[in-house]
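# Per-entry structural report
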Amino acid sequence: MVNGISLNSMLLKGPDLVQPLPEILYGFRERKIAVVGDIMEMFHQLKMRREDRYSQLFLWPGESEASLKTFVIDVATFGSTSSPCSAQFVKNLNAAEHAEKYPSAAEAIERRHYVDDYLQSFDTEEEACRVVEEVKLVHRLGGFTIRNWLSNSSNVLRRVGETNSSTVKIVDNGGPQIERVLGMQWMAREDAFVFSSDIDVGVVNPTKRSILRCVMSQFDPLGLLSHFLIHGRIIIQDIWRTKAGWDDSIDESILERWQLWTAKFKELEVVRISRAYFPEATTADIEDLQIHIFVDGSETAYACVAYFRATIKGNVRCALIGGKAKVAPLKTLSIPRLELQAALIGCRLSKTLCNSHNLPISQRVFWTDSKTVLAWIHSDHRRYRQFVACRIGEILSKSNPEEWRYVPSKTNVADDATKWANGPNLKADSRWFQGPEFLWMPEESWPRQAEFEPTDAEARPCHVHLVEQNDIVIDWNRFSKFERLRRTVAYVHRFIDNCRRKAAKQPLQSSHITYDELNMAENSLWQLVQQAEFPDEILQLRKANEGRMRKQIRTSRLYKLSPFLDERGVVRMDTRLSGAIFVPYDTKFP
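Keep in mind that this is a model prediction, so the values were computed, not measured. (Residues numbered from 1 in each chain as written. Predicted model: local features only at pLDDT ≥ 70, side-chain atom pairs only at ≥ 80, totals over all residues. Heavy atoms only, no water.)

## Details of the side chain of Arg486
- By secondary structure assignment, the location of Arg486 is in helix 14 (residues 482-503).
- Among residues more than four places away in sequence, those in contact with Arg486 are Leu518, Ala521, Glu522 and Leu525. (Helix = DSSP H or I, 4+ residues; strand = E, 2+ residues; numbered from the N terminus. Contact = heavy atoms within 4.5 Å.)

## Concerning the side chain of Asp123
- As for its placement among the helices and strands, Asp123 is situated in the loop between strand 5 (117-122) and helix 4 (125-141).
- When its relative accessible area of 14% is taken as the criterion, Asp123 is described as buried.
- At a separation of 3.0 Å, a polar atom in the side chain of Asp123 contacts the side chain of Thr283.
- For Asp123, the contacting residues outside a window of four places in its chain are Arg31, Lys32, Ile33, Thr282 and Thr283. (Buried < 20%, exposed > 50% of the residue type's maximum accessible area, 1.4 Å probe, protein only. Polar contact = N/O pair within 3.5 Å; in protein donor to acceptor, adjacent residues only side chain to side chain.)

## Brief notes about the sheet that holds strand 14 (residues 315-327)
- As summarised here, the arrangement of the 5 strands in space is 14-13-12-15-16, forming an open sheet in which the pairing is mixed. Both edges of this open sheet fall to strand 14 and strand 16 (404-406), since each of them pairs with a single strand only. The sheet shows a mean angle of 25° between the axes of neighbouring strands, direction not considered.
- In the sheet, strand 15 (residues 363-368) pairs with strand 16 via 3 bridges, with the strands oriented parallel. If you follow Phe366 over to strand 16, its bridge partner there is Trp404.
- In the packing of helix 9 (residues 335-356) onto the sheet, the strands contacted are strand 12 (286-297), strand 13 (301-312), strand 14, strand 15 and strand 16, and the crossing angle to strand 12 comes to about 150°. (Pairing = 2+ DSSP bridges. Axes fitted to C-alpha atoms, helices over the stretch in contact; angles between N-to-C directions.)

## Some words on the packing of aromatic side chains
- Overall, the coordinates contain 18 aromatic pairs when judged by the stated rule.
- Taking the centre distance of 6.0 Å and the plane angle of 25° together, the rings of Phe43 and Phe78 count as stacked. Of the two residues, Phe43 sits in the loop between strand 1 (33-39) and strand 2 (57-60) while Phe78 sits in the loop between strand 3 (69-72) and helix 2 (83-97), which places them 35 residues apart along the sequence.
- Assessed through its relative accessible area of 74%, Phe78 is described here as exposed.
- For the ring pair Phe294 and Phe438, a centre distance of 6.0 Å and an interplane angle of 65° mean the geometry is edge-to-face. Of the two residues, Phe294 is situated in strand 12 and Phe438 in the loop between helix 13 (431-434) and helix 14; the sequence distance between them amounts to 144 residues.
- Here Phe294 falls in the buried class, since its relative accessible area comes to 0%.
- The buried category is assigned to Phe438, whose relative accessible area is 6%. (Phe/Tyr/Trp six-rings, centres within 6.5 Å; stacked < 30°, edge-to-face > 60°.)

Structure follows, in C-alpha cells:
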C-alpha cells in the first residue's frame with residue numbers, strides 16, 4: 001500500500017478461465033478408476049517480466065534497523081488479482097502447444113483441472129496410468145510439477161510413483177481415512193463420498209448468526225444432500241421474516257423446528273454415496289443411458305433431482321447425479337408458479353449435465369406431478385401472462401414437450417426436498433439416493449400418463465378498447481378574426497405541400513397565398529367543425545356516397561336539411577330536397 005493505493009487496485013482480474021467446479025466433479029464420477037493430483041506451487045512457476053518485477057518489492061529485516069534489505073519477487077504471487085488468470089492461461093497454453101503429440105493429456109489439462117487440482121476418472125488402470133504419465137510430462141515441459149497423487153487403485157498409485165500421499169487426511173475416531181477433494185470428503189478405499197456429522201449447531205439458545213454459520217458449514221456443490229440442507233435454509237428464511245437481529249434468540253416455534261433438523265446430523269455418519277456412477281462397469285458395458293429429472297414445488301421451496309438410468313449387461317442400474325433446491329421467494333407465489341420454477345431449474349440442470357458429461361446419453365425424461373405445468377408446456381406459451389410465458393419459453397428452448405411426463409405426488413422423489421413430513425430419509429436405501437422404485441423396472445411399469453387439458457390459468461387477458469378522438473387540434477381562442485385563422489390554415493397546407501415537393505425534388509411555392517389555397521383552408525375548417533359535431537352523420541353520408549348503404553339519418557337534427565357530402569368531404573344542404581325523409585344513394589346533384 002503506497003499513499004492509499006494497493007497493487008491489486010491497479011491490476012486487472014482478466015477473464016475467468018477456471019472450469020466450473022460441478023463440471024470437474026461430474027467428470028470425476030463418470031468412470032470407475034479415479035485419479036487426483038495437484039500442481040506444486042502453481043503461481044510461483046510463473047516468471048514475471050523484468051519490467052514488472054519492481055512492482056513486487058518487500059523489506060527483509062537484518063540484525064538491525066539499518067540493515068534492512070529490499071528484495072524483489074520475480075514470480076507470480078498468491079493473492080495478486082491477476083495471478084489466477086495468468087496461471088490458467090499459461091497452463092492451457094502449454095497444453096495447447098503439445099496437443100498434437102499428447103491429445104489426451106492436453107484435454108485433461110484444459111478441462112479436468114480446477115485451478116491447480118487435477119481430477120479425472122478412467123475405465124481401466126492402463127488408461128489411467130498412460131494419461132497420468134502424459135499429463136506429468138506435459139506439465140514438466142511447461143515448468144510445472146504435479147504431485148500428491150490419490151487414487152482408489154493401489155496399482156495406479158504405484159505405477160505413477162506415489163507411495164505415500166502427502167495430502168491432508170481426516171481421521172474420525174480411528175475410522176477410515178478420508179481425503180479432501182475440492183472440498184468434498186472422499187474415502188478412496190471405499191470409493192465413496194461421505195459427509196461430516198461433526199457440525200457446530202451453536203449454543204443452547206441459537207441466534208440467527210449461529211444458525212446461518214451452521215447451515216452454511218456443510219459443503220455440497222453437487223446437491224447430493226439438497227433434500228436435507230434446503231430445510232435449514234427454509235428455517236433461515238423464516239427467521240428473516242421475523243426481523244430478528246443477528247444475536248437475538250429465535251422464536252419458540254422456529255427453535256423446535258431447528259432442533260428437529262439438527263437432530264438429523266447424527267444420520268449423516270452413515271451416508272455413503274458412490275463416487276463412480278456405475279463402479280462395476282466400463283463405458284463400453286453401458287447399453288443404454290438415460291437422464292431422469294424429477295421436479296416439484298411447494299409453498300416453502302422448489303427443487304429438482306437427477307438420476308442416471310443405465311442398462312448394463314441386461315440389468316437396470318440407477319445412480320444419483322445430484323440435485324438443486326431453492327427456497328421459495330419471500331413474495332408469495334401460487335403453487336403452479338412454484339412448480340413452474342422447479343421445472344425451469346430442472347431444465348437448466350439437465351443442460352448442465354449433458355454438457356458436462358462425456359457418457360453416451362440417449363434420452364432425457366422430465367417428471368412432474370403438476371398437470372398445470374404440463375398443460376402450459378404443451379400449449380402456446382404466448383397466450384399466457386409474462387411470468388409464465390417467459391419461463392415456458394426457456395423450458396421449450398432447452399427441452400421438448402414429448403420429454404415431459406406425469407408422475408403421481410407419492411412417487412415424485414423431489415417431494416423429499418420440498419416437504420418436511422417426517423424429515424428427509426438419510427438411509428442408504430432411501431429413494432433419494434437409490435431413485436424411485438419404478439426407475440428400476442421396465443418402461444411398461446412406469447406411471448401411466450394422466451389426461452390433461454389446456455388450462456386458462458395464467459392466461460393473458462385480452463381487452464379491446466375503442467377510443468374515438470374528436471378533439472379539434474386548432475385552438476380557436478388564439479384568433480380574433482376568421483380571416484386570420486383561414487390564412488394560418490392556408491400556410492399550414494402550403495408547408496405540407498412544400499414538404500412533399502421537396503421530397504419529390506420539385507420547386508417550392510414561395511408566392512403569396514392564392515385564392516384556391518384560402519378556399520382549401522376554409523373547407524378544412526368546415527370539415528374539422530363538422531367532424532366534431534356530426535361524426536355519425538358524416539360516416540353514414542360517406543358510406544352512402546360509396547354505395548354501401550342508403551342514406552338514413554332520421555334520428556339526426558340534420559334530417560330535415562337533406563344533407564350530402566360534396567367532393568371535398570364537406571356536409572352541404574340541398575335546399576331543393578329539403579324536408580325529404582331520405583335521399584337515394586345514387587342521387588346526382590349539380
